[in-house]
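# What the coordinates show
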Amino acid sequence: MSDKANDFKTLDLTVGDVFSKEARLKARNVNVYYGDKKAIDNVTIDIGNKEVISFIGPSGCGKSTFLRCFNRMNDTIDSCIVKGDITIDDENIYDKKIDVVPLRARIGMVFQKPNPFPKSIYDNVAYGPRIHGLSENKEHLDGIVEESLKRAGLWEEVSDRLDSAGTGLSGGQQQRLCIARAIAVSPEVILMDEPCSALDPIATAKIEDLIHELGNDYSIVIVTHSMQQAARVSKRTAYFHLGKLIEVGRTKDIFTRPQHHQTEAYISGKIG
Amino acid sequence: MTKKFINPIEASEIVKSSIKKRRAKDSRLRLYGRIAIGMATCFLLFMFFSIFTKGYPGFFQYYVTLDIKFDRERIDPKGDLSDTSLYEGEASKIVNESLFSIINPKGRKAKKEARKIVSSGKDVRIAKLVKNDPSLFGTVTKVKFALDDDIDSFLRGYINRDTPESERRISDNVIAFVDKLSEENRISYEFSDYILQGSASGNPEMAGIKGAFFGSILTLSVCLLIAFPLGVATAVYLEEIAKKNRITEIIEVNINNLAAVPSVVFGIMGLAIFISIFGMPRSIPLVGGMVLALMTLPTIIISSRAAIRAVPPSVRDAAYGIGASKLQVIFHHVIPLAMPGMLTGTIIGMAQALGETAPLLMIGMVAFIVDVPNSVMDPGTVLPVQIFMWADFAERMFIQKTSAAIIILLGFLITMNAFAIYLRKKLERRW
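Residues numbered from 1 in each chain as written. Chains lettered and ligands numbered in written order. Predicted model: local features only at pLDDT ≥ 70, side-chain atom pairs only at ≥ 80, totals over all residues.

### A word on the overall build of chain B
In plain terms, the rule: Only runs of H or I of at least four residues qualify as helices and only runs of E of at least two qualify as strands under DSSP, and these elements are numbered from the N terminus. Radius of gyration: C-alpha atoms only; globule rule: 2.2 Å multiplied by the number of residues to the exponent 0.38. Residues are called buried when their C-beta atom has 20 or more other C-beta atoms within 10 Å, exposed when it has 12 or fewer, and partly exposed otherwise; all C-beta atoms are positioned from the backbone. A pair of residues counts as a contact when their C-beta atoms, built from backbone coordinates, are separated by no more than 7 Å.
The number of helices and strands found in chain B is 18 helices and three strands. Taking 2.2 N^0.38 as the reference for a compact globule, 431 residues should give roughly 22 Å; the C-alpha atoms of chain B span a radius of gyration of 31 Å, well beyond that estimate. Across the 431 residues that make up chain B, the buried fraction comes to 35%. A fraction of 76% describes how many contacts in chain B between residues 6 or more apart in sequence connect residues 24 or more apart.

### Notes on the sheet that holds strand β1 (residues 60–69) of chain B
Residues and elements named next belong to chain B. Rules: Note on pairing: two strands pair once DSSP finds at least 2 bridges between them. Orientation is described by lines fitted to C-alpha atoms, with helices fitted over the stretch in contact, and by angles between N-to-C directions that extend from 0 to 180 degrees.
If you trace the three strands from one edge of the open sheet to the other, you get β2-β1-β3, paired in antiparallel fashion. Each having just a single partner strand, β2 (140–146) and β3 (187–191) make up the two edges of the open sheet. Here the average twist between neighbouring strands, direction ignored, is 40°. As defined by bridge partners, β1 adjoins β3 across five bridges and the pair is classed as antiparallel. Following the sheet pairing, Tyr-62 is matched in β3 by Tyr-189. Of the strands in this sheet, β1 and β2 touch helix α4 (residues 91–103), which is tilted by about 95° from β1.

### Looking at the interface of chain A and chain B
As a reminder, the rule being used: When residue character is reported, Ala, Val, Leu, Ile, Met, Phe, Trp, Tyr, Cys and Pro are called nonpolar, Asp, Glu, Lys and Arg charged, and the others, Gly included, polar.
Across the boundary between the two partners, chain A contributes 27 residues, which contact 17 residues of chain B. Looking at the side of chain A that touches chain B, the elements that each hand over two or more residues are α3 (100–106), β7 (107–110), α4 (121–132) and α7 (171–183) of chain A. A per-class count over the side of chain A that touches chain B returns 13 nonpolar, nine polar and five charged.

### Some remarks on unusual backbone geometry
Residue and element names in this part refer to chain B. The backbone phi angle of Asn-185 is positive, close to 60°, even though this residue is not glycine. One can find Asn-185 in the loop between α8 (172–183) and β3. Positive phi, normally seen in glycine, also occurs at Ser-283, with a value near 65°. Along the chain, Ser-283 turns up in the loop between α12 (263–277) and α13 (285–309).

### Considering the domain arrangement of chain B
One frequently used descriptor of interface size is the decrease in accessible area upon assembly of the parts. Residues and elements named next belong to chain B. Spelled out, the test is: As annotated, the domain borders come from an automatic or database domain assignment.
The assigned domain composition of chain B is domain 1 (59–191) and domain 2 (210–427). Its C-alpha centre places domain 1 at a distance of 45 Å from the equivalent point of domain 2. If you look at the interface, domain 1 gives five residues, while domain 2 gives four residues.

### Details of the environment of Pro-134 of chain B
Residues and elements named next belong to chain B. Relative to the helices and strands, Pro-134 is located in the loop between α6 (122–132) and β2. Overall, the presence of 13 C-beta atoms within 10 Å leaves Pro-134 in the partly exposed class. Remark: the alpha-carbon pair of Pro-134 and Ile-387, spanning 253 residues in sequence, is separated by 37 Å.

### Some points on the packing of helix α1 (residues 8–55) of chain B against helix α18 (residues 396–427) of chain B
Residues and elements named next belong to chain B. Put simply, the rule is: Any angle between 65 and 115 degrees counts as roughly perpendicular, while under 35 counts as roughly parallel, over 145 as roughly antiparallel, and the rest as oblique. Should the near helix be turned anticlockwise from the far one by less than a right angle, the crossing is left-handed, and should it be turned clockwise, the crossing is right-handed.
Two numbers describe how α1 lies on α18: the axes approach to 8 Å, and their chain directions differ by 125°. In terms of orientation, α1 lies oblique with respect to α18. Viewed along their axes, α1 and α18 form a crossing whose handedness is left-handed. Together, Ile-51, Phe-52, Lys-54 and Gly-55 of α1 and Gln-400, Ser-403, Ala-404, Ile-406 and Ile-407 of α18 make up the contact between the two elements. Of the residues that constitute the contact of α1 with α18, the class distribution is five nonpolar, three polar and one charged.

### What to know about α1 of chain B
All names here are of chain B. Definition in use: Residue count minus one, scaled by 1.5 Å, sets the expected span of a helix. Throughout, bend refers to the angle between the axes fitted to the seven residues that end at a position and the seven residues that start at it.
For α1, which comprises 48 residues, the first-to-last C-alpha distance of 69 Å matches the rise-based estimate of 70 Å (1.5 Å per residue) to within 8%. The largest bend along α1 measures about 35° and falls at Ile-19. Taken across its 48 residues, α1 has one buried, putting it largely on the surface.

### What to know about the sheet that holds strand β2 (residues 23–34) of chain A
All names here are of chain A. The antiparallel open sheet is built from four strands, whose spatial order is β3-β2-β5-β6. Looking along the sheet, the strands with just one partner apiece sit at the ends: β3 (37–48) and β6 (91–92). Relative to strand β5 (residues 80–88), β2 runs antiparallel, the two being bridged by eight bridges. Among the inter-strand pairings, Asn-31 is bridged to a residue of β5, identified as Lys-83.

### Quick look at the pairing of β5 of chain A
Residues and elements named next belong to chain A. Here β5 runs beside β6; their pairing, made up of two bridges, is antiparallel. In the sheet register, Thr-87 faces β6, and the bridge partner there is Asn-92. Hairpin connection from β5 to β6: two residues lie between these consecutive antiparallel strands, with Asp-89 at a positive phi of about 45°.

Structure, rendered in structure tokens:
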């Protein structure tokens, strides 16, 4: 492993093991600029298959920006420029030939604020399969909607009111609806950008349980402000600081034996 | 720190002493607001009161009832009820004979004056009657005819019988005839069938807004069909697709400036481009609609852009995040959510277009056109231009007709807005 690792100069920056044995997503020397400002500085990391990895770090450290590179959501921001390579199953997602539409169907995303469409619960979940033509007929679509809602742990609560408004649900339910919407298109990776920051502790606990379960089927990258959450849900943790990836390692190790002094300072609450 | 904190007791004293002043300011602001709203309401009420009291009589006019002998040979000499046959007939003569039998005018001068009592539309009226119901032939039926506008004005009291004859618009003879007709209860004041069904006419008693009304509908339809899709497409392109750079900035500034350009300038442009360069006919609703579309475009674009900008970015993120293409995001999410706002802008634009006169004068929609336009290629005029023309005429009766037409225009506007508000409320159904 160390031979391969020597190819990347990030190693003098990043502490810990950035590589994964069965990597699905590989980011290599990624730099992100907003106009002249560098938001992400030379980050290299692997995301393993069916792995839950969390990105932590103080506000403005670039963890959300980096997360949005994986499904090219940064494309929607004019001034944002991404340099470096990100591959999914060794296919460069920033290749000119790659279309973002199928890419985003493979890599789903859940946002900070629950953002269901102003449509019915059913239509929210069915929207993805509909636009991608994933369902053969109405029964099939019904099945996809039911299965997605079940996996998102929302089926029991909404099965009798699929036609009512998605925006009429509570915050936690809305966020689970968004998760159901994301998994309805059968993605391989789910990116979660602080999915619990707008939720109360009970709703948060439900989402965290859900992330645990979903981790058996999907690769999940979760950005979080809460170190406790990172500790609870993820197997690996990456610590970002000022656009740099400082340390990556097993969650247990990061929180008990951080190797880098900045990581330690953050964990112990000295910066943040 | 140069200054120390004031101690809490002192601070609360200071706050208390300023409370009275602040309250007074609050209540003064409230008072100004109420005065402003009150004044606006007063002006509005005054305007409506003035228009309705002036315009209400314009919907009515004086009629005379005459017994008409429907003699087929005289009215319809060819016997086929065709326009030429009815035109060759002697309908006017029959009406006059019936009239003379009541008032008995003596001498040529008196007869000449008597012929003018009944409006010159009498033959048209008879032609219409027999066309609708040929069974009238051979009968003697009571028919109502409009009275000439001078007599109408006299009956309304605008012409005083005590004024010396030379200074009056109607002679002593005519006054005597009218008195005679009144005695026999043949004169009635009724809802005018000309104001709604008549078109432009030099005879005020026969003038109506039908032609202008349909002209307005055709012109506005053209305007809406051009301006709405173009405006929405422009707004969507500028907001969702175009990159923000110098060029889009220049376009944006220009659109905002266009919204402030006087409407007559659009008329001159329409004249120069559509009529001079493309050689389109003058006075047609198609050209009128295109000119008004150019005029309303900036309004629609600006309000549509504001509506699109108000769509929460989280909805776009959600759609993009799930893999929707740009087109799908725009058509599935942005436009449906922005539609109520876009419609509001369109309503404002259309209301402007409905009331616009100046640009239409430039492209010749001020022409005197009697026929009702059947298509956008037929010459026509529109309500505000009709009002403008009537306001220009000298005859007393046109004053009432002008006010009546204004009421109709207002009614048109209110109906249009009500429909649009209904549409907006329906689309606005938020989840």
